[in-house]
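# Remarks on the overall topology
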Amino acid sequence: MTADLLIVGSGFFGLTIADRCARELGLKVQIIDRRDHLGGNAYSEIEPETGIEVHRYGAHLFHTSNQRVWEYVNRFTTFTSYQHRVYTTYRGEVFPMPINLGTINQFQRAAYSPDEARAWVAEQAAMITHEPANLEEKAISLIGEPLYEAFIKGYTAKQWQTDPRELGADIISRLPVRYTYDNRYFSDTYEGLPTDGYTAWLERMADHENITVTLEADFFDESQPWHKAATVGRVPIVYTGPVDRYFDFAHGDLSWRTLDFETEILPTGDFQGTTVMNYADTDIAYTRIHEFRHFHPERDYPSDKTVIMREFSRFAGTADEPYYPVNTPQDRERLLAYRQLARNEKDVLFGGRLGTYQYLDMHMAIGAALSMYDNKLAPHFRDGAALDDHGL
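Residues numbered from 1 in each chain as written. Predicted model: local features only at pLDDT ≥ 70, side-chain atom pairs only at ≥ 80, totals over all residues. Heavy atoms only, no water.

As annotated in an unreviewed UniProt entry, the protein chain is UDP-galactopyranose mutase from Aeromicrobium chenweiae. According to UniProt, the comment filed for the protein chain under the heading Function (unreviewed entry) is "Catalyzes the interconversion through a 2-keto intermediate of uridine diphosphogalactopyranose (UDP-GalP) into uridine diphosphogalactofuranose (UDP-GalF) which is a key building block for cell wall construction in Mycobacterium tuberculosis." The Subunit (unreviewed entry) comment attached to the protein chain in UniProt states, word for word, "Homotetramer." (UniProt positions renumbered as here; feature names shortened; annotations may be inferred.)

Next comes the structure, spelled out in structure tokens:
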């Protein structure tokens, strides 16, 4: 059992660290992952009956304005010209999202100019004259009650399984409204999907003679060789699992939201005409439906079958997969306590979405990993600098 660096978790953060350390520094890198596949939540697979690529953990859309990240990821994959657009169903009618001039005019049965739409939203938002006390009041102060009631209230209640009046105002800082007909979901410089799929991209990142990947290996299972007790203090570690789990929940659980999915094959070539359809009404239990054929219209998928995935959101239990940090005041207090513990861990760096308790898009995870490599790992292995200030 020899390695220069152990990486716990094979998502984009861990794979980026592994790639840089193996290729640039010549290190022998051992990656372990408790799942039966690499890539974390970005993993995709081919549905065998239809041949359609399915994102097992919900839709993943790559976009970035970070030039360095874009140049880096293009070492492993080319990208299609896909641009993400989202629609939402409200009371049996489909509207473009995020809220834009088209959404407002359709909702109002009007033909507002940009200035007229801006004035209408400002008039509606002005009904909140005090400091917002909860998410509902904050949202109304940003976009007004009519748009909030239609497109935000029900969807948010389903996402959080909580009445928005019981959620803190600090959960949202802004709600984007575009006073043009632009309904492109992201506004980044670069956007697309990996031409050969996510798994092919992820496998290329790990394809190096100095990188070893061991799957179905739990860092906290002492029956397997690369467990915590056998490695901490003996080999440098980049840990990308849940930070509270690393410290055996010494300061309590950090709260997360999780997702449940229902996948179905339907006997039609096109179920909804778009990749993602949100559902704003509370009488529909799921928050959205993904139809994966639309992510790759350039592919030769069957014309008589399609794959859809219904997505449900709820608070995570201890056995659930954590997706989105809830980040309550109590969570922030606990995170500070875990950060203090992390500073005392010898040669352990904490990174990624789970290791830092923050939501990271793929490009953000890759960018953070490149920074950790530049500022921590390369100086340590090249110059003997200490591995401190552990990424939290």
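### Brief notes about the overall build of the protein chain
Counting its regular elements, the protein chain contains 12 helices and 16 strands. Referenced to the eigenvectors of the C-alpha coordinate spread, the extents of the protein chain come out at roughly 70 × 55 × 35 Å. A burial count over the protein chain gives 54% of its 392 residues as buried. Here the contacts in the protein chain between residues at least 6 apart in sequence split such that 73% fall between residues at least 24 apart. Carbon together with sulfur atoms contributes 46% to the accessible area of the protein chain, which is approximately 17500 Å² in total. The centroid of the 38 positive side-chain charges in the protein chain is displaced by 3 Å from the centroid of its 58 negative side-chain charges. (Helix = DSSP H or I, 4+ residues; strand = E, 2+ residues; numbered from the N terminus. Buried < 20%, exposed > 50% of the residue type's maximum accessible area, 1.4 Å probe, protein only. Contact = heavy atoms within 4.5 Å. Areas by Shrake-Rupley, 256 points an atom, 1.4 Å probe, with all protein chains shown as cover. Lys, Arg positive; Asp, Glu negative; His and termini not counted. Charge placed at Lys NZ, Arg CZ, Asp CG, Glu CD.)

### What about the side chain of Asp 347?
Locating Asp 347 in the fold gives a position in the loop between α10 (329-343) and β16 (348-350). What makes Asp 347 buried here is its relative accessible area of 18%. Dropping the residues within four chain positions of it, Asp 347 is found in contact with Val 235, Pro 236, Ile 237 and Leu 387.

### Structural notes on the sheet that holds strand β1 (residues 5-8)
Read from one edge to the other, the open sheet built from 5 strands follows the order β9-β2-β1-β10-β16, with strand pairing classed as parallel. Strand pairing shows two members of the sheet lacking a second neighbour, β9 (211-215) and β16, which therefore form its edges. With strand direction ignored, the average angle separating the axes of adjacent strands in the sheet is 20°. As defined by bridge partners, β1 adjoins strand β2 (residues 29-33) across 4 bridges and the pair is classed as parallel. Across the sheet, Ile 7 pairs through a bridge with Ile 31, a residue of β2. Sheet strands touched by helix α12 (residues 362-383): β1, β10 (237-239) and β16. Its angle to β16, the strand with the most contacts, is close to 175°. (Pairing = 2+ DSSP bridges. Axes fitted to C-alpha atoms, helices over the stretch in contact; angles between N-to-C directions.)

### As for the packing of helix α5 (residues 135-143) against helix α6 (residues 145-160)
One can describe the packing of α5 onto α6 by two numbers: an axis separation of 9 Å at closest approach and a directional angle of 140°. Judged by the angle between their axes, α5 and α6 are oblique. Along this stretch, α5 crosses α6, giving a crossing that reads as right-handed. Residues Leu 135, Glu 136, Ala 139, Ile 140 and Ile 143 of α5 form the contact with α6, whose own contacting residues are Glu 145, Leu 147, Tyr 148, Ile 152, Lys 153 and Thr 156. Across the contact of α5 with α6, the residue classes tally to 7 nonpolar, 1 polar and 3 charged. (Parallel < 35°, antiparallel > 145°, perpendicular 65-115°, else oblique. Left-handed = near helix turned anticlockwise from the far one by under 90°. Nonpolar A, V, L, I, M, F, W, Y, C, P; charged D, E, K, R; others polar.)

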